Amino acid sequence: MNLNLEYSPLHQRAILQTSDLSVFFNKAQILENINLKIYPHKITAIIGPSGCGKTTLIRCFNRLNELCNQFKRVGQIYMGDREISQLNSVEIRRQVGMVFQKPNPFPKSIYDNIALGLRVNGYQGDIDECVEYSLRQVFLWDEVKNNLYRSALNLSGGQQQRLCIARTLALKPDIILMDEPCSALDPISTARIDELLYELKHYYTIILVTHNMQQASRISDLTAFFNIKTTETGEKVGYLSEYDKTEVIFHHPKQQATQEYVSRRF
Ligand SMILES: Nc1ncnc2c1ncn2[C@@H]1O[C@H](COP(=O)(O)OP(=O)(O)OP(=O)(O)O)[C@@H](O)[C@H]1O
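Residues numbered from 1 in each chain as written. Predicted model: local features only at pLDDT ≥ 70, side-chain atom pairs only at ≥ 80, totals over all residues. Heavy atoms only, no water.

Looking at an unreviewed UniProt entry, one finds the chain named Phosphate ABC transporter ATP-binding protein, with Laspinema olomoucense D3b as its source organism.

Engineer: Could you give me a rundown of the nonpolar core, with the residues and numbers involved?
Structural biologist: Of all hydrophobic cores here, the largest spans 35 residues; its most connected members are Leu135, Ile165 and Leu197. At the level of secondary structure, the elements contributing two or more residues to this core comprise α4 (110–120), α5 (127–137), α6 (141–144), α7 (157–170), β7 (175–179), α8 (187–200) and β8 (205–209). In this structure, Ile34, Ile38, Phe61 and Phe71 belong to the second largest nonpolar core, which totals 34 residues. (Core = buried A, V, L, I, M, F, W, Y, C linked by side-chain atoms within 4.5 Å. Buried < 20%, exposed > 50% of the residue type's maximum accessible area, 1.4 Å probe, protein only. Helix = DSSP H or I, 4+ residues; strand = E, 2+ residues; numbered from the N terminus.)

Engineer: Tell me what's going on with the pattern of salt bridges, and back it up with residues and numbers.
Structural biologist: On inspection of all chains with the given rule, the structure shows 13 salt bridges. Where Arg119 meets Asp112, a salt bridge forms, and the shortest distance between an N and an O atom there is 3.8 Å. Classification of Arg119 as partly exposed rests on a relative accessible area of 44%. Asp142 serves as the salt-bridge partner of Lys145, at 3.4 Å between the closest nitrogen and oxygen. The exposure class assigned to Asp142 is exposed, which follows from its relative accessible area of 57%. When salt bridges that share partners are traced, they join Glu143, Arg162 and Arg192 into one network. (Salt bridge = Lys/Arg side-chain N within 4 Å of Asp/Glu carboxyl O.)

Engineer: Any details on unusual backbone geometry? Residues and values, ideally.
Structural biologist: For Asn26, which is not glycine, the phi dihedral falls at a positive 55°. Residue position: Asn26 is located in the loop between β1 (16–25) and β2 (28–38). Despite not being glycine, His41 shows a phi value in the positive range, around 55°.

Engineer: Before we move on, can you summarise the packing of aromatic side chains with the specific residues and values?
Structural biologist: Across all of its chains, the model carries 4 aromatic pairs by this definition. Aromatic side chains Phe25 and Phe71 sit 5.8 Å apart centroid to centroid with 55° between the ring planes, which places their arrangement in the tilted category. Residue Phe25 is found in strand β1, and its partner Phe71 is found in strand β4 (residues 71–79); the two are separated by 46 residues along the sequence. Overall, Phe71 belongs to the buried group, its relative accessible area being 14%. For the ring pair Tyr111 and Tyr149, a centre distance of 5.3 Å and an interplane angle of 35° mean the geometry is tilted. Taken as a pair, Tyr111 in helix α4 and Tyr149 in the loop between α6 and α7 lie far apart in primary sequence, 38 residues in all. Residue placement shows Lys201 over the ring face of Tyr198; its charged tip is 4.5 Å from the ring centre. Sitting over the face of the ring of Tyr239, Lys229 holds its NZ or CZ atom 5.3 Å from the ring centroid. (Phe/Tyr/Trp six-rings, centres within 6.5 Å; stacked < 30°, edge-to-face > 60°. Lys NZ or Arg CZ within 6 Å of the ring centre and 35° of its normal.)

Engineer: Can you break down the environment of Asn65 residue by residue, with the values?
Structural biologist: Positionally, Asn65 belongs in the loop between α2 (54–61) and β4. Judged by its relative accessible area of 3%, Asn65 falls in the buried class. Placed 40 residues apart in sequence, Asn65 and Phe25 show a C-alpha to C-alpha distance of 9.4 Å.

Engineer: With reference to specific residues and values, describe the pairing of strand β10 (residues 236–245).
Structural biologist: When a strand is regular, its side chains alternate between the sheet's two faces. Most of β10 is tucked away, with 8 of its 10 residues classed as buried. Inspection of the sheet shows strand β9 (residues 222–230) paired to β10 by 9 bridges, in the antiparallel sense. Bridge pairing links Ile228 to Gly238 in β10. Counted along the chain from β9 to the antiparallel partner β10, the turn is 5 residues long, and its residue Gly234 has a positive phi close to 85°. (Pairing = 2+ DSSP bridges.)

Engineer: Got a sec to walk through the site of the ligand? Specific residues and values, please.
Structural biologist: Taken together, 13 residues lie near the ligand, and Ser50, Lys54, Thr55, Thr56 and His211 sit nearest. Residue Gly51 places a main-chain N or O atom 3.0 Å away from an oxygen atom belonging to the ligand. Out of a free accessible area of 640 Å², the ligand has 60% covered by protein chains. No other element matches α2, which puts 3 residues into the shell around the ligand. Per-class residue counts for the shell around the ligand are 5 nonpolar, 6 polar and 2 charged. (Near = heavy atom within 4 Å. Polar contact = N/O pair within 3.5 Å; in protein donor to acceptor, adjacent residues only side chain to side chain. Areas by Shrake-Rupley, 256 points an atom, 1.4 Å probe, with all protein chains shown as cover. Nonpolar A, V, L, I, M, F, W, Y, C, P; charged D, E, K, R; others polar.)

Engineer: Quick one: what's the story with α8, residue by residue and with numbers?
Structural biologist: In a regular helix each residue adds 1.5 Å, so 14 residues correspond to 20 Å; α8 covers 20 Å between its end C-alpha atoms and thus fits that length. Taken together, the buried positions of α8 are occupied by Ser189, Thr190, Ile193, Asp194, Leu196, Leu197 and Leu200. For α8, the arc enclosing every buried residue in end-on projection is 165°, short of the 170-degree limit, so these residues lie on one face. The exposed set on the far side of α8, more than 90 degrees from its buried face, consists of Pro187, Ile188 and Glu195. Elements in contact with the buried residues of α8: β3 (43–47), α5, α7, β7, β8 and α9 (213–219). Its side-chain oxygen at 2.9 Å from the backbone nitrogen of Ile188, Asp186 defines the N-terminal cap of α8. (Expected span 1.5 Å × (residues − 1). Arc of directions from axis to C-beta. Contact = heavy atoms within 4.5 Å.)

As structure tokens, this is what we get:
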């Protein structure tokens, strides 16, 4: 579903695209026929009621679901011209970084949180420089530059989440998946992350799962509203209900369910 995106087919190629994507866990269908295009250097918000499959969808994009042996997918996911099953899963996870709901720094120093991933990926450049550059990108450098060898676990929640974002950025991904990255943070830390994401979209493509309607409406360019339906056999399945520019989804949605969800009358 790629609606009314004036600039999309004419001016931009999708960086990531699903084609009739359906997902199953233990034979239960979780997502049905998802057709979604993600455009480069945009923030795409994924919104919808709990259980509609938002996390499951984005975990398809870095092939994380495949670690669960009950998982099955039907349909295609293309990165550029290539179906992601043809790509090496280690390479995919470098190209498609992920930031989780709860900040999850390694129980190591601030420095090592970034340096470890670089070493594991065989980084050939200057690690000190890259650590500094990544911490500057998330506006954390000035706060931690004198304590780089202290445990990352001593940082505040907001600082830990910015460190996790820096750790992801250090590997130079094309796409960053963010699964409710601010849900464990206070409003001031959330506002800082919002500003940060807005800056980062100049360099990266961001897919943001969020329950925070203010966050989605303030910083995203495009919004995909997912909903849940009940099948004839009584199963609940998630589907893409409406996808458009964020401004349209929040101010002139075509569907009543979208209107109700974004205005919290769902
Ligand atoms: N590994 C798994 N094994 C079995 N079922 C799963 C697994 N992961 C997710 N599910 C099921 O898939 C459905 C969608 O879950 P998912 O977490 O993707 O939804 P969501 O929209 O992100 O929800 P929320 O907004 O509450 O985080 C749920 O019914 C969940 O129980």
